[in-house]
Amino acid sequence: MTTGVEPCRVRHATRASGGVASWPGARSGVARARSGDPFKAGTLRSYDQALRLRVYPAIGQRPFYRVRRVELQDVVDRLVAAGIAPATIGMMTGALAAI
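Scope of this entry: the structure provided in the associated data block. Going along each chain's sequence as written, the residues are numbered from 1 onward. With the structure being a predicted model, the display of local features is reserved for residues of pLDDT at least 70 and the display and counting of side-chain atom pairs for 80 or more, all residues being used for whole-chain, interface and lining totals. Values shown for side chains rest on all heavy atoms present in the structure; no hydrogens or waters enter the calculation.

Structural notes on the overall build of the chain
Helix numbering and strand numbering both begin at the N terminus, where a helix is a DSSP run of H or I of at least 4 residues and a strand a DSSP run of E of at least 2. What the chain contains, in helices and strands, is four helices and zero strands. Its helices and strands in sequence order give the chain the pattern α-α-α-α, from N to C terminus. Type-normalised accessible area, obtained with a 1.4 Å probe on protein chains alone, sets the label of each residue: buried when under 20%, exposed when over 50%, and partly exposed for intermediate values. The burial tally for the chain puts 30% of its 99 residues in the buried class. The long-range fraction of contacts in the chain, counting pairs at least 24 apart against all pairs at least 6 apart in sequence, stands at 60%. Per-residue accessibility takes into account occlusion by the displayed protein chains alone, with areas from the Shrake-Rupley method and a 1.4 Å probe. When the accessible area of the chain is evaluated, it comes to approximately 6200 Å², of which 53% is carbon and sulfur surface. Whether two residues touch is decided by their heavy atoms; if any such pair falls within 4.5 Å, the residues are in contact.

Things to note about the environment of Y47
Structurally, Y47 can be placed in helix α2 (residues 41–59). Here the alpha-carbon distance between Y47 and G94, two residues 47 residues apart in the chain, equals 7.4 Å.

Describing α2
Multiplying one less than the number of residues by 1.5 Å gives the expected span of a helix. Under the 1.5 Å per step criterion, the end-to-end length of α2 is 25 Å for 19 residues, consistent within 8% with the ideal 27 Å. Bend, at a single residue, is the angle you get between axes fitted to the 7 residues ending at that residue and the 7 residues starting at it. The largest bend along α2 reaches roughly 40° and is located at R52. Of the surrounding elements, those touching the buried residues of α2 are α3 (69–81) and α4 (86–98). Taken from the residues just after α2, G60 is the one with a positive phi, measuring 70°.

Describing the pattern of salt bridges
Just to be clear on terms, a salt bridge is a Lys or Arg side-chain nitrogen sitting within 4 Å of an Asp or Glu carboxyl oxygen. Across all of its chains, the model carries two salt bridges by this definition. Measuring nitrogen to oxygen at the nearest pair gives 3.4 Å for the salt bridge that ties R52 to D48. Highlighted residues: R52 and D48, both in helix α2, separated by four residues, approximately one helical turn. Relative accessible area serves as the criterion here: at 45%, R52 is assigned to the partly exposed category. Across the pair E71 and R62 runs a salt bridge, and its minimum N-O distance is 2.9 Å.

Some details on the packing of aromatic side chains
Two rings from Phe, Tyr or Trp (for Trp, the six-membered ring) form a pair when their centres are within 6.5 Å of each other. A pair whose planes differ by under 30 degrees is stacked, one over 60 is edge-to-face, and the rest are tilted. Enumeration according to the criterion identifies two aromatic pairs in this entry. Ring geometry for Y56 against F64: centres 6.2 Å apart, planes inclined by 40°, an arrangement best described as tilted.

So this is what it looks like as structure tokens:
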């Protein structure tokens, strides 16, 4: 399934690029969720917030393709240990899955 987003742009997305909300076509509906429906505005806002508050501070300025799965699992483990709500952690992992 094609998402309408150039793979190289997603693969090389960085903190400075703004993540999901700034994908070309994410707001216009060209980029689609896994269901095939356009991302809803609220979903994009939630993904953006999850990335800004939880992921970017943990990975710094590195491109996403440089971040290893074990590093993201460490972020999740720290959030669980800090008592962050499971729904919040789920939103963060959903944002990462969309990237």
